[in-house]
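Observations on chain architecture
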Amino acid sequence: MAAGTLRDNYELAVIGAGPAGLAAATLAARAGLATVVLDEQAAPGGQIWRAVSETPVQRRSVLGADYWAGAARVRDFEASGAQYVPGATVWSLARDREIGVSIAGGSRLLKAQRVIIATGALERPMPIPGWTLPGVMSAGAAQILLKSSGLITRGRTVLAGCGPLLWLLAAQYLRAGGTLAAILDTTAGSTWRSALAHLPGFLLSPYFRKGLPMLLAARRSVRVVAGVRVLRAEGRDAVETVVWQGDDGIEQRLSADILLLHQGVVPNVNLAISVGIEHRWDDDLLCFAPVLDGWGNSSIEGIAIAGDGAGIAGVAAAELRGKLAALAAIRALRPGSTMAGLPDEASIRTQLAADARGRRFIDLLYRPAAAFRIPQGDTIVCRCEEVTARQIVETVALGCSGPNQMKSFLRCGMGPCQGRLCGLTVTELMAQARNVDPQKIGYYRLRPPVKPITLAELAALPKSEAAVAAVVRG
Amino acid sequence: MVRPDVIVIGGGLHGCSIALHLARRGIPVTVLEKDHVGRHASGVNAGGVRRLGRHPAEIPLSVASMELWHSIVDLVDDDCGFECHGQVKVAENPAELEILRERVTMVRSMGFTHEELVDQAELRSLVPAISDHCVGAIVCRADGAALPYRTTLAFRRKAESLGVRFLEETRVTSVRRQGAMWQVESTSGRHEAPRLVNAAGAWAGNLAAMLGEPAPIEVMALMLMISAPIERFLHPVIGATGRPLSFKQYRNGTVLVGGGYRGRPNVETNWTDLDFHGLASSAQTVHDLFPVMRRAEIVRAWAGIEARMPDDIPVIGPSRTSENVWHAFGFCGHGFQMGPIVGSLVAELIATGVTNLPIAPFDIGRFARA
């Protein structure tokens, strides 16, 4: 759909077309709200159902039943009457809900009475020594290649890290005919103690039922090394060797052409922080998450967040929270209306609570260890500007109390990724160096455009002469 | 701990510079800053170190400040990222060139020679990437640019090394005269000193009001944006004549675009809303003047909160309603270059009661109702 067919105003704009965005938009459009879905991807599905309507991977067992469940959700969405805009990069959201969006190289501004941010999750950075060497990539990037292009990596591939998605990827990878030289499991031994209390909820949940076979399948066919405490990648021009230590402290080496890293996902907060939505540090999940009410409403009027961007909770919760945010929008814009076919709020909340019980165990068990979150010395933290952990710690001594002062010195976080690959690392590094809580340190103050746009694209936007001040300059 | 002789309210560049210059005179100082040092306009401005185009009243101060900039390492032990590749104000047509010619004549009639008119050929040699339609310019060859946050922090660190105490996250809630002392209540408790400096930027109006002194401040937020690195094509800082522009390329290839388009500030929350219609105008100017920039990627835009006075020049000097209070605020988007000299002269005023620099035009008394 071309940008030209977009309207200037919508009742509801949904940003992102993963499980939360699709559920929200489907429900709202069915209820009659003029709804637009702005999706950066080429087709609906988000990350988990990426390319579900057009993937070249046709053997259904490779990606699993949960992936293919997305196809039905996409069909429902397409029948709902919501306007879908693929390839739409939202680069700005303002407090008055004006949205800046780039489509096929052209930008425009549009407004919505309500906005639901459903931009999902990002992989947590895993800044081990050597993580910037060619051949080292995130496991999520490998999964994108598999889903959208049917590609698996060639050569000796090592998978390292922790978290449920690590095992999901391993299973998908093996079923697609890939081989893994080893899985290096960095799950900390100590997390079992805190997680154990939540084991019963987990055992009764679909997470256990679905997760266990994946874990066992991986263990049957791949060398799995548990208890990895130290990890680095070595090589001259690309990764050649993966080096690790377990509890015994003995260094072990394995040659590798590809190292896939993954230690869980965190909310993609960039757009929400750039509009000024209040966030808090979550010490269990070790990330910043937006402060929301029970409907997903943020601290800014008319802007809600649903899905993993509201706090990591997985696909089932994402759909449920998407529906709640849509219900809130329907109630706000169609007050008093009692439409048939709207889902029952109470039953959504019951399902959400049940899902959370199974989730808690996983969250605590797979809480990544400090050694893999908070690097030291010459390990690169900011890939865009090649800033090391030592340099960041040194700015604390110069009087920088947080990321926003530090970035003025090192440009750390000011590159094209806009902090997506270093934000949490920097916060935790500075918190450790100053011996204060990460909440006190805070996160990068992000500003639009949250995704780059060309100067020509910006220049082509409508101008307003009211914005012109006297000719003053610094 | 020594009780301060002076409390400076506001940890921007001017507050830090005043504190540093007082400390150099051996006067004990405490600086109170409601956020952190350099949080607002001082830390995020365009960094222009510019005499070019100054209001006539500001020229003597700006020229004196430039002397300090050229030996900034001696003052603060840091080069502040200062680079001296000149400032250029471009004329896009003959009518604008005529305006520039008159400007240079006026500045020379005041006895200053730093502004120099150049023709199209000289402009091209200074700025090869400039669009063909530009016909000439004013050049200030010894002007340049520095890194604002680094500069502000360098002033702070040097001041601290001389004994100045900085209290951040300390918001002033009231000031009152108690005998010979100013009692300043703040979110970090009460602070006392016989003398007080108001260098509170966009918040200086509130402080002046606490002193019963009219200061018609307009709070503004000038927007800036920056590109991803591109190959170096520019050394001087560029301004325009007929439309707002401040344009420079850093050593790392990133390009900064600013020049006077405003966002919407909120002084309570420190938040600034950007106006992309205004940034579009800014982008259009760059699009027209530097064709090489059209495909550059803009990666971030922001705005710093500061104060503007109705006559577009700052307030500098003693209070006219309260004893032992001095003001330095309202720099209207062009205070960064004047930071070193304003600190020096306010410290001189406090220590000696006089200064040789012509500061009468900046008297706060000009806003008093007759």
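Next up on the list: the overall build of chain A. Within chain A, the regular secondary structure consists of 17 helices and 22 strands. Computed over the C-alpha atoms, the radius of gyration of chain A is 23 Å, within 12% of the 23 Å expected from 2.2 N^0.38 for a compact globule of 474 residues. Taken along the three principal axes of its C-alpha coordinates, chain A extends 65 × 60 × 40 Å. In chain A, which comprises 474 residues, the share counted as buried stands at 57%. Within chain A, contacts between residues at least 6 apart in sequence are counted, and of these 68% link residues at least 24 apart. When the accessible surface of chain A is split by element, carbon and sulfur atoms take 53% of a total near 18,600 Å². For chain A, the distance from the average site of its 50 positive side-chain charges to the average site of its 39 negative ones is 2 Å.

All names here are of chain A. Between helix 13 (residues 389–397) and helix 15 (residues 423–434), whose axes approach to 10 Å, the crossing angle comes to 50°. As the angle between them shows, helix 13 and helix 15 are arranged oblique. For helix 13 against helix 15, the interelement crossing comes out right-handed. Taking contact as the criterion, the partners of Ala389, Ile392, Val393, Thr395 and Val396 in helix 13 are, on helix 15, Val426, Leu429, Met430, Ala433 and Arg434. Residue composition of the contact of helix 13 with helix 15, by class: eight nonpolar, one polar and one charged.

With 96% of its residues at a pLDDT of 70 or more, chain A has an overall mean of 90. Counting interchain partners and residues more than four positions distant, the pLDDT-below-50 stretch residues 466–474 of chain A has 35 contacts.

Another aspect to go through is the environment of Arg24 of chain B. Structurally, Arg24 of chain B can be placed in helix 1 (residues 13–24). In contact with Arg24 of chain B, other than residues within four places in its own chain, are Leu75 and Leu162 of chain B.

Before going further, it helps to spend a moment on the packing of helix 1 (residues 19–30) of chain A against helix 10 (residues 314–333) of chain A. All names here are of chain A. Interhelical geometry of helix 1 versus helix 10 gives an angle of 35° and a closest axis separation of 7 Å. Here helix 1 runs over helix 10; the crossing is right-handed. Across the interface between the two elements, Pro19, Ala20, Ala23, Ala24, Leu27 and Ala28 of helix 1 pack against Val315, Ala318, Glu319, Gly322, Lys323, Ala326, Leu327 and Ile330 of helix 10. Counted by class, the contact of helix 1 with helix 10 contains 11 nonpolar, one polar and two charged residues.

All names here are of chain A. Taken together, the five strands give an open sheet; going across it, the order is 8-15-9-10-11, and neighbouring strands pair in parallel fashion. The open sheet has two edge strands with one neighbour each: strand 8 (136–138) and strand 11 (224–225). Note that strand 8 and strand 15 (residues 258–263) share three bridges and pair parallel. Note on strand 15: the bridge partner recorded for Ser138 is Leu261.

This part covers the sheet that holds strand 9 (residues 172–178) of chain B. Residues and elements named next belong to chain B. What the three strands build is an open sheet, ordered 9-10-11; its pairing is antiparallel. The open sheet has two edge strands with one neighbour each: strand 9 and strand 11 (189–193). Adjacent strand axes in the sheet meet at a mean angle of 20° when their direction is disregarded. Here six bridges tie strand 9 to strand 10 (residues 181–186), and the two strands are oriented antiparallel to one another. Bridge pairing in strand 10 places Val175 opposite Val184.

Let us now look at the packing of aromatic side chains. Inspection of every chain in the model, using the stated rule, returns 15 aromatic pairs over all chains. Summarising the aromatic geometry, the rings of Trp281 of chain A and Phe288 of chain A are spaced 5.1 Å apart at their centres and angled 70° between planes, so their arrangement reads as edge-to-face. Look at Trp69 of chain B and Phe82 of chain B: their rings are 5.5 Å apart centre to centre, the planes differ by 45°, and that puts the pair in the tilted class. With Trp69 of chain B in helix 3 (residues 59–69) and Phe82 of chain B in the loop between helix 4 (72–76) and strand 4 (87–91), the pair connects residues that are 13 residues apart, well separated along the chain. According to the relative accessible area criterion, Phe82 of chain B is buried, its value standing at 17%. Its end group placed over the ring of Trp131 of chain A, Arg383 of chain A keeps NZ or CZ at 4.8 Å from the ring centre. In this arrangement the basic side chain of Lys34 of chain B is found over the ring face of Trp203 of chain B, its NZ or CZ atom lying 4.1 Å from the centre.

Our next topic: unusual backbone geometry. In this structure, the amide linkage connecting Pro448 of chain A to the following residue, Pro449 of chain A, adopts the cis form with an omega of -5°. Structurally, the position occupied by Pro449 of chain A is in the loop between helix 16 (438–441) and strand 22 (453–454). The backbone phi angle of Cys332 of chain B is positive, close to 60°, even though this residue is not glycine.

Rules behind the numbers
Residues numbered from 1 in each chain as written. Chains lettered and ligands numbered in written order. Predicted model: local features only at pLDDT ≥ 70, side-chain atom pairs only at ≥ 80, totals over all residues. Heavy atoms only, no water. Helix = DSSP H or I, 4+ residues; strand = E, 2+ residues; numbered from the N terminus. Rg over C-alpha atoms; globule rule 2.2 N^0.38 Å. Buried < 20%, exposed > 50% of the residue type's maximum accessible area, 1.4 Å probe, protein only. Contact = heavy atoms within 4.5 Å. Areas by Shrake-Rupley, 256 points an atom, 1.4 Å probe, with all protein chains shown as cover. Lys, Arg positive; Asp, Glu negative; His and termini not counted. Charge placed at Lys NZ, Arg CZ, Asp CG, Glu CD. Axes fitted to C-alpha atoms, helices over the stretch in contact; angles between N-to-C directions. Parallel < 35°, antiparallel > 145°, perpendicular 65-115°, else oblique. Left-handed = near helix turned anticlockwise from the far one by under 90°. Nonpolar A, V, L, I, M, F, W, Y, C, P; charged D, E, K, R; others polar. pLDDT = per-residue confidence, 0-100. Pairing = 2+ DSSP bridges. Phe/Tyr/Trp six-rings, centres within 6.5 Å; stacked < 30°, edge-to-face > 60°. Lys NZ or Arg CZ within 6 Å of the ring centre and 35° of its normal.

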